[in-house]
Amino acid sequence: KIRRGEDPVIIQGDGLAVRDFAYCGDIAKGILQVLSVIPMPSLVNLGGNAPHTIKEVVDVLMSFYPFRAIYTGGQVGYSQRVLDIGKARKSANYNPQTTLEEGLRKTWRWYLESIID
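Treat the numbers as computed from the prediction; the structure is a model and nothing was measured.

### Some details on the side chain of Arg19
Link 1 in the chain: Turning to its location among the elements, Arg19 is positioned in strand S2 (residues 18–20).
Link 2 in the chain: For the buried Arg19, no salt bridge is present, and the opposite-charge side chain at shortest range is Asp14, 9.1 Å distant.
Link 3 in the chain: Within the structure, the side chain of Arg19 is placed 2.8 Å from the backbone oxygen of Tyr78, a separation counted as a polar contact.
Link 4 in the chain: Discounting residues that sit within four places of it in the chain, Arg19 has contacts with Pro51, His52, Ile54, Val76, Tyr78, Ser79, Gln80 and Arg81.

And the structure:
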């Protein structure tokens, strides 16, 4: 929607829902770390380094790719969905390092370089 230039971009909800965002490079590294120390089969959560609201994500995107957004209001889905990465931290020393802004910038750059019109 952003790249297509929709104006405004309509975002479902009030933007206050909290989610766990993780950069793919951190997850890939975490998978290797976990596989090297935790016997299979075992369930281990890998996630980001901090929960963020949808509004925070939108604001970060707006900081490097300006667009207008309108929230529809109200709650959509669960108000909070955050993974507990304690087992991965303790057992495999998993510690995601990529900030929300850095991850979004890298992902946006990759997306723009990869799209085929």
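Still more ground to cover, so stick around.
### Topic: the nonpolar core
A general feature of soluble globular proteins is that nonpolar side chains tend to end up buried together.
Link 1 in the chain: With 12 residues, the main nonpolar core is built from Ile2, Val9, Ile11, Val57, Val58, Val60, Leu61, Phe64, Phe67, Leu100, Leu104 and Trp108.
Link 2 in the chain: Where this core is concerned, the elements lending two or more residues are strand S1 (9–11), helix H2 (54–64) and helix H4 (100–114).
Link 3 in the chain: At five residues, the largest contribution of residues to this core is made by H2.
Link 4 in the chain: Apart from residues no more than four positions distant in its own chain, Ile2 is found in contact with Val9, Leu61, Tyr65, Phe67 and Trp108.
Link 5 in the chain: With seven residues, the next largest nonpolar core counts Val34, Ile38, Ile85 and Ala92 among its residues.

### Overview of the sheet that holds strand S5 (residues 80–81)
Link 1 in the chain: The three strands are arranged S3-S2-S5 in an open sheet whose pairing can be described as mixed. On the outer flanks of this sheet lie strand S3 (51–53) and S5, each paired with one strand and no other.
Link 2 in the chain: Looking at chain direction, S2 and S3 are connected through three bridges and run antiparallel. For Asp20, the partnering residue across the bridge sits in S3 and is Pro51.
Link 3 in the chain: Here H2 sits on the sheet in contact with S2 and S3, set at roughly 80 degrees to S3.

### Re the side chain of Asp26
Link 1 in the chain: Secondary-structure assignment places Asp26 in helix H1 (residues 24–37).
Link 2 in the chain: No salt bridge forms around the buried Asp26; measuring N to O, its nearest opposite-charge neighbour Lys29 is 6.6 Å away.
Link 3 in the chain: A distance of 3.4 Å separates the side chain of Asp26 from the backbone nitrogen of Gln97, its partner in a polar contact.
Link 4 in the chain: A polar side-chain atom of Asp26 sits 3.0 Å from the main-chain amide nitrogen of Thr98.
Link 5 in the chain: Every residue in contact with Asp26, bar those within four places of it in the chain, is listed here: Tyr94, Pro96, Gln97 and Thr98.

### Topic: the pattern of salt bridges
Side chains bearing opposite charge may pair, as long as their charged atoms lie close to each other.
Link 1 in the chain: Counted according to the given criterion, the structure contains five salt bridges.
Link 2 in the chain: Here Glu6 ties to Arg4 by a salt bridge, and the two come within 2.5 Å at their closest N and O atoms.
Link 3 in the chain: According to the relative accessible area criterion, Glu6 is partly exposed, its value standing at 30%.
Link 4 in the chain: According to the relative accessible area criterion, Arg4 is exposed, its value standing at 59%.
Link 5 in the chain: Arg68 serves as the salt-bridge partner of Asp7, at 2.9 Å between the closest nitrogen and oxygen. Here Asp7 is found in the segment before S1, whereas its partner Arg68 is found in the loop between H2 and strand S4 (69–71), with 61 residues between them in sequence.

Conventions used here
Residues numbered from 1 in each chain as written. Predicted model: local features only at pLDDT ≥ 70, side-chain atom pairs only at ≥ 80, totals over all residues. Heavy atoms only, no water. Helix = DSSP H or I, 4+ residues; strand = E, 2+ residues; numbered from the N terminus. Buried < 20%, exposed > 50% of the residue type's maximum accessible area, 1.4 Å probe, protein only. Lys, Arg positive; Asp, Glu negative; His and termini not counted. Salt bridge = Lys/Arg side-chain N within 4 Å of Asp/Glu carboxyl O. Polar contact = N/O pair within 3.5 Å; in protein donor to acceptor, adjacent residues only side chain to side chain. Contact = heavy atoms within 4.5 Å. Core = buried A, V, L, I, M, F, W, Y, C linked by side-chain atoms within 4.5 Å. Pairing = 2+ DSSP bridges. Axes fitted to C-alpha atoms, helices over the stretch in contact; angles between N-to-C directions.

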